[in-house]
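Observations on the model geometry
Here are the chains, one letter per residue:
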Amino acid sequence: MAASPAPDGATTRIIIENCAIATVDAHDTEYASGHVVVAGNRIESVGPGAAPEGLGDVVRRVDGTGHLLTPGLVNTHHHFYQWLTRGLAQDANLFDWLVALYPTWSRIDEEMVYAAARGSLAMMVRGGVTTAMDHHYVFPRGTGDLLGAEIRAARETGVRFSPTRGSMDRGKSAGGLPPDFAVETTEAALIATEEAIDTHHDASFDSMLRVGVAPCSPFSVSTDLLREAAVLARRKGVRLHTHGSETVEEEQFCKELFGMGPTDYFESTGWLGDDVWMAHCVHMNDADIEAFARTGTGVAHCPSSNARLGAGTARIPEMRKAGVPVGLGVDGTASNESGELHTELRNALLVHRLAGGEGALNVRQALRLGTHGGARVLGRAEEIGSLEAGKLADLVLWKLDGLGHSTIADPVAALVLGAAAPVTLSLVNGRPVVEDGRLVTVDEDTIAREARREARRLANIAAEG
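1. Some remarks on the overall build of the protein chain
Summing up its helical and strand segments, the protein chain has 14 helices and 17 strands in all. Against the compact-globule benchmark of 23 Å for 465 residues, the protein chain has a radius of gyration of 21 Å, which places it among compact chains. Residues classed as buried in the protein chain amount to 59% of the 465 residues present. Pairs at least 24 apart in sequence give 74% of the contacts found in the protein chain among residues at least 6 apart. Seen as two clouds, the 42 positive and the 61 negative side-chain charges of the protein chain have centres 2 Å apart.

2. Here's the deal with the nonpolar core
In terms of nonpolar packing, the biggest core is built from 113 residues, with W97, W105, W271 and M319 touching the most fellow members. In terms of residue count, helix 2 (residues 110–126) provides more of this core than any other element does, 10 residues in total. Those residues in contact with M319, other than ones at most four positions away along the chain, are C281, M284, I289, V299, V324 and V326. Counting 15 residues, the second largest nonpolar core, distinct from the first, contains I14, V38, I43 and L69.

3. A few points about the pattern of salt bridges
Taken as a whole and assessed by the stated rule, the structure comprises 30 salt bridges. Taking the shortest distance from any N to any O, the salt bridge between E44 and R13 comes out at 2.8 Å. One end of the pair, E44, is in strand 3 (residues 42–48); the other, R13, is in strand 1 (residues 13–22), with 31 residues separating them in the sequence. Here R13 falls in the buried class, since its relative accessible area comes to 16%. With a closest N to O distance of 3.6 Å, E388 and K391 form a salt bridge. Note on E388: relative accessible area 31%, which makes it partly exposed. On the basis of relative accessibility, which here comes to 7%, the residue K391 falls in the buried class.

4. Quick notes on the environment of S305
By secondary structure assignment, the location of S305 is in helix 9 (residues 303–308). Classification of S305 by relative accessible area gives buried; the value is 0%. Not counting residues within four places of it along the chain, the set of residues in contact with S305 comprises H280, V330, D331, S335 and N336.

5. Concerning the pairing of strand 11 (residues 276–280)
Within strand 11, 5 of the 5 residues are buried, leaving the element largely enclosed by the surrounding structure. Bridge analysis of strand 10 (residues 240–244) against strand 11 gives 5 bridges, and the strand direction is parallel. In the sheet register, T242 faces strand 11, and the bridge partner there is M278. For strand 11 and strand 12 (residues 298–301), the ladder comprises 3 bridges, and the chain directions are parallel.

6. Concerning the side chain of S222
Mapped onto the secondary structure, S222 falls in the loop between strand 9 (212–215) and helix 5 (223–236). In this structure S222 comes out as buried when scored by relative accessible area, which is 16%. Here the side chain of S222 touches D169 through a polar contact of 2.6 Å, side chain to side chain. Excluding its chain neighbours within four sequence positions, the residues that come into contact with S222 are D169, R170, T186 and Y265.

7. Observations regarding the confidence of the model for the protein chain
Confidence in the prediction of the protein chain, expressed as mean pLDDT, is 96, and 98% of residues score 70 or more. In this model residues 1–9 is a low-confidence stretch, pLDDT under 50, and it forms 22 contacts with partners more than four residues away in sequence or in other chains.

8. Brief notes about the packing of aromatic side chains
Here a ring pair, both rings aromatic, is described through the centre-centre distance and the interplanar angle of the planes. Per the counting criterion, the structure on display carries 10 aromatic pairs. Both rings, one in F253 and one in F258, keep their centres 6.4 Å apart while their planes meet at 75 degrees; by these two values the pair is edge-to-face. One exposure class covers both F253 and F258, and it is buried. On the basis of an interplanar angle of 45 degrees and a centroid distance of 6.2 Å, the ring pair of Y265 and F266 is categorised as tilted. Chaining the aromatic ring pairs together yields one cluster made of F95, F219, F253, F258, Y265 and F266.

9. So, the environment of G379
Counting through the fold element by element, G379 comes out in the loop between helix 12 (363–377) and strand 14 (395–399). On the basis of relative accessibility, which here comes to 41%, the residue G379 falls in the partly exposed class. Put simply, G379 and V276 are 103 residues apart on the chain and 9.2 Å apart in space, counted from C-alpha to C-alpha.

10. As for unusual backbone geometry
In this model, N18 sits at a positive phi of 70 degrees, which is unusual for a non-glycine residue. For C281, which is not a glycine, the phi torsion comes out positive at approximately 50 degrees. On the accessibility criterion, C281 (0% relative accessible area) is buried.

11. So, the packing of helix 2 against helix 3 (residues 146–157)
At a minimum axis separation of 8 Å, helix 2 and helix 3 run at an interaxial angle of 35 degrees. Between helix 2 and helix 3 the crossing geometry is right-handed. Here E110, E111, V113, Y114, A117, R118, L121 and V125 of helix 2 lie close against helix 3, whose contacting residues are L146, A149, E150, R152, A153, A154, E156 and T157. Of the residues in the contact of helix 2 with helix 3, the class split is 9 nonpolar, 1 polar and 6 charged.

The rules behind these values
Residues numbered from 1 in each chain as written. Predicted model: local features only at pLDDT ≥ 70, side-chain atom pairs only at ≥ 80, totals over all residues. Heavy atoms only, no water. Helix = DSSP H or I, 4+ residues; strand = E, 2+ residues; numbered from the N terminus. Rg over C-alpha atoms; globule rule 2.2 N^0.38 Å. Buried < 20%, exposed > 50% of the residue type's maximum accessible area, 1.4 Å probe, protein only. Contact = heavy atoms within 4.5 Å. Lys, Arg positive; Asp, Glu negative; His and termini not counted. Charge placed at Lys NZ, Arg CZ, Asp CG, Glu CD. Core = buried A, V, L, I, M, F, W, Y, C linked by side-chain atoms within 4.5 Å. Salt bridge = Lys/Arg side-chain N within 4 Å of Asp/Glu carboxyl O. Pairing = 2+ DSSP bridges. Polar contact = N/O pair within 3.5 Å; in protein donor to acceptor, adjacent residues only side chain to side chain. pLDDT = per-residue confidence, 0-100. Phe/Tyr/Trp six-rings, centres within 6.5 Å; stacked < 30°, edge-to-face > 60°. Axes fitted to C-alpha atoms, helices over the stretch in contact; angles between N-to-C directions. Left-handed = near helix turned anticlockwise from the far one by under 90°. Nonpolar A, V, L, I, M, F, W, Y, C, P; charged D, E, K, R; others polar.

Now the structure itself:
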């Protein structure tokens, strides 16, 4: 998408000034009081003090006094459809949780997925997410265009979107966890995935829509599907995503079925590389971390979901030290009912200090995980994830002058350690998506009402069997 032209053909500008700025660039440059100039959909300049004088075609000037400006948050792992099944299987581990919920998830249809995607996106975007990702892998037969429903919801919300076309072909009768009626054939999954890429993927610099290839997990996908999906993704030039090393049960499953742990299994199927990222990666030994670092394989860290399911604590400080790309993920809202990413900044810091002491993660490292780290994991670090001239104008202005942050002098510490900060303004591709804490592109009350209706409908259908 090109920069927005003014009526006379010039580029329109938005100026944000008088705010603290955390650029999250390579040097962690910060300004106690600075400015950002947005020209069209790009960041034109960022620096200390007021914006330069004499800029033309300024359509908006924002006084950011009492605020912190950061790059927009980048979510690297989610399952939107789970918005309809929050609060269930509250005390289960991953495998028991999946077994409890798969029969319900297998009844979803296009309208349900659309409502769930709208709810998931609204919650994230209202809380500072400017790039959303989803891993959708449940495709019951004859239920409509489920991936298309998510893409439609993201377009309406105005968020930058990285959906992945997931798949499962290992049902219960083949030793997997999902019921047989919830899985596809290997061939059908590969054909549908290629069609999704051909129909929707946009590889341009300022793309609002990048499609990835994402078989679900080692315990729901055949080895053939994993191998062929990697071949397909590389032939099409798109990224690969799956779940990896989430629980000790998964490790045992891989050793029993394949004779090796998850990382070795993934490497044997072509699933390590700088075009791959995996969700969770909780149970990784030193050799696993070295393999990820050596190959540039990324990690979507989901601290709240891992805690909710009792999966364990990923070795994120060790991964970062080794050079593994790491971003943050909400994960599905059936295992992270808040559905928010900005709370993951704080939760990541607290979880890793519990596990590794006070030096395990600091506030600026947490912010980096949620911004530049996520952009790197999605393969978009040249375009988004930091506030730098020439990058896309995805940014968030956080209000820090209220009661909740009134005595925290360090604005980054206020954002990460303090109460959830309200979003005064969020831009995606240079366009407002949040103003004064409310979505401006869609109606939150309508989204909530429709999601409740679809959740009830799903529950009733599942109860009928």
